[in-house]
Amino acid sequence: MISRILLLTSALVILHPCLAQSLVEPIEAVLKVGPEAAHHREAAAAVTTLSQAPASELPRLLGAMNQANDLAANYLRSAVESVLDRSFASQKTLPLGEIRDFLLETRNAPRARRLAYEILQRVIPEDAARMLPGFANDPSAELRYDAVELQIRSAETFKSGGQSAEAVRTFQSALNSARNPKQIDQIASELRSLGVEVDLPTHFGFLTHWQVIGPFDNTRLEGFERVEPPEKEIDLAAEYDGKSGKVRWTAVNTGQEHGKVDLNPVLGESKEVTAYATTVFQSPIDGPAEIRLGCKNGWKVWWNGKFLFGRDEYHRGARIDQYRLPIQLQKGANVLLLKVCQNADVKDWTREWEFQLRVCDSSGTAILATDRPPTPKAAPRSPGKSRSKKD
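So, a few notes on the structure that sits alongside this text. Note that the structure is predicted; figures quoted are calculated from it, not measured.

1. Remarks on the overall build of the chain
Here comes step 1: A tally of regular secondary structure across the chain gives 15 helices and 12 strands.
Here comes step 2: Along the first, second and third principal axes, the C-alpha set of the chain runs to 75 × 55 × 40 Å.
Here comes step 3: The buried share among the 391 residues of the chain stands at 47%.
Here comes step 4: Once local pairs closer than 6 in sequence are excluded, the contacts in the chain between residues at least 24 apart make up 73%.
Here comes step 5: About 19300 Å² of surface is accessible on the chain, with carbon and sulfur atoms providing 52% of the total.
Here comes step 6: When the 49 positive and 49 negative side-chain charges of the chain are each reduced to one mean point, those points stand 2 Å apart.

Have a look at this one:
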């Protein structure tokens, strides 16, 4: 962080010599902010100073967001908004050309680019509206979202006007660009109403074919840390001692729309247990990527034998892309191992023992395995009590 601050400081001084005394130090103070109130008092004082900056320094404040964590970005956004409010009140000229250039530079931080767009939208809404369609495939999820919303509204107009072919074409274009789960579900529903099949697991990149084994013991939640044989080696022909007898690997395929793998019907609806799921991901590329996991149970993840992360929490709710884990893809075979734990709670809404997992790039665009099989047909949920909507 210190080296990045120095780089930013040097750049600011070169761009505007007066910043050495006016903005550099308060920007440094904001960039130091961290969790658990670390440097928050200093950052709050610094924002007061930054909020008095002239409108000409707005591009510099936006640029500082490139170095900021989420907390620091919030502080800097507050300063930008204060500068804007003062500028509007005093009818000061804004550096709109520089702000537009900042927006169009995709290497800038997504949140900062979104803020730049909001400034243009506020000052020159017609120009901002003309730019919006161009963000449909932008690396910024925030800008992409608005561009997709525009496509959805256009497609809905075609549909309501009886222009089904145009509606389908526009909805499909929106789906190709969409990365937000709610937008994707909405578009899929519209396409299906027009008679078009949609393969959501493939669109998201959910992994649908697994080998699972269990249940192993998790009494008193001790199983989360206990090392069972699959953590030492993955041998799909092996047999191990489980919680209530011998356990073997079983093939499990899911056709659930959001890639959920339900362990209850496969391994038996048990409590105080753990299980493992593994699959081989045949990557088409070498390079950085992300595992995105949704799970309301305790879990651990290994990638090519390397432990990535884990959370020993239970039934706090689950959603698509709940956890994002950076990985390095190697072209060809990559081995993924997931441990999923269940606790002792017997409330109806704690019955779920399931997960959903996909591989994608940092924008949420699916990376599909070279040998990806067809998506299985969705199977009905396991029988039992109705599940509460609590989480």
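Resuming the write-up.
2. Description of the environment of glycine 195
Here comes step 1: Assignment of secondary structure puts glycine 195 in the loop between helix H12 (181-193) and helix H13 (200-204).
Here comes step 2: The sequence separation of glycine 195 and valine 168 amounts to 27 residues, and the corresponding C-alpha distance is 9.2 Å.

3. A few points about the sheet that holds strand S12 (residues 354-360)
Here comes step 1: With antiparallel pairing, the 4 strands of this open sheet are ordered in space as S5-S12-S7-S10. Each edge of the open sheet carries a strand with a single partner, namely strand S5 (261-262) and strand S10 (323-329).
Here comes step 2: Taken together, the 2 bridges between S5 and S12 define a ladder with antiparallel strand orientation. Following the sheet pairing, aspartate 262 is matched in S12 by glutamate 354.

4. Observations concerning a nonpolar patch on the surface
Here comes step 1: On the surface, Ile234, Leu236, Val280 and Val335 cluster together into a nonpolar patch covering about 300 Å² of accessible area.
Here comes step 2: For isoleucine 234, the location among the structural elements is in the loop between helix H14 (229-232) and strand S2 (239-241).
Here comes step 3: Note on isoleucine 234: relative accessible area 35%, which makes it partly exposed.

5. Re the packing of aromatic side chains
Two aromatic rings, taken as a pair, are described by how far apart their centres are and by the angle between their planes.
Here comes step 1: Under the defined criterion, the tally for this structure stands at 7 aromatic pairs.
Here comes step 2: Aromatic side chains phenylalanine 204 and phenylalanine 206 sit 5.2 Å apart centroid to centroid with 45° between the ring planes, which places their arrangement in the tilted category.
Here comes step 3: Classification of phenylalanine 206 by relative accessible area gives buried; the value is 1%.
Here comes step 4: Across from the ring centre of phenylalanine 224, 4.6 Å away, lies the NZ or CZ of lysine 300, which sits over that ring.

Scoring rules and cut-offs
Residues numbered from 1 in each chain as written. Predicted model: local features only at pLDDT ≥ 70, side-chain atom pairs only at ≥ 80, totals over all residues. Heavy atoms only, no water. Helix = DSSP H or I, 4+ residues; strand = E, 2+ residues; numbered from the N terminus. Buried < 20%, exposed > 50% of the residue type's maximum accessible area, 1.4 Å probe, protein only. Contact = heavy atoms within 4.5 Å. Areas by Shrake-Rupley, 256 points an atom, 1.4 Å probe, with all protein chains shown as cover. Lys, Arg positive; Asp, Glu negative; His and termini not counted. Charge placed at Lys NZ, Arg CZ, Asp CG, Glu CD. Pairing = 2+ DSSP bridges. Patch = residues over 30% accessible without salt bridge, like charges linked within 9 Å, V, L, I, M, F, W, Y side chains within 5 Å. Salt bridge = Lys/Arg side-chain N within 4 Å of Asp/Glu carboxyl O. Phe/Tyr/Trp six-rings, centres within 6.5 Å; stacked < 30°, edge-to-face > 60°. Lys NZ or Arg CZ within 6 Å of the ring centre and 35° of its normal.

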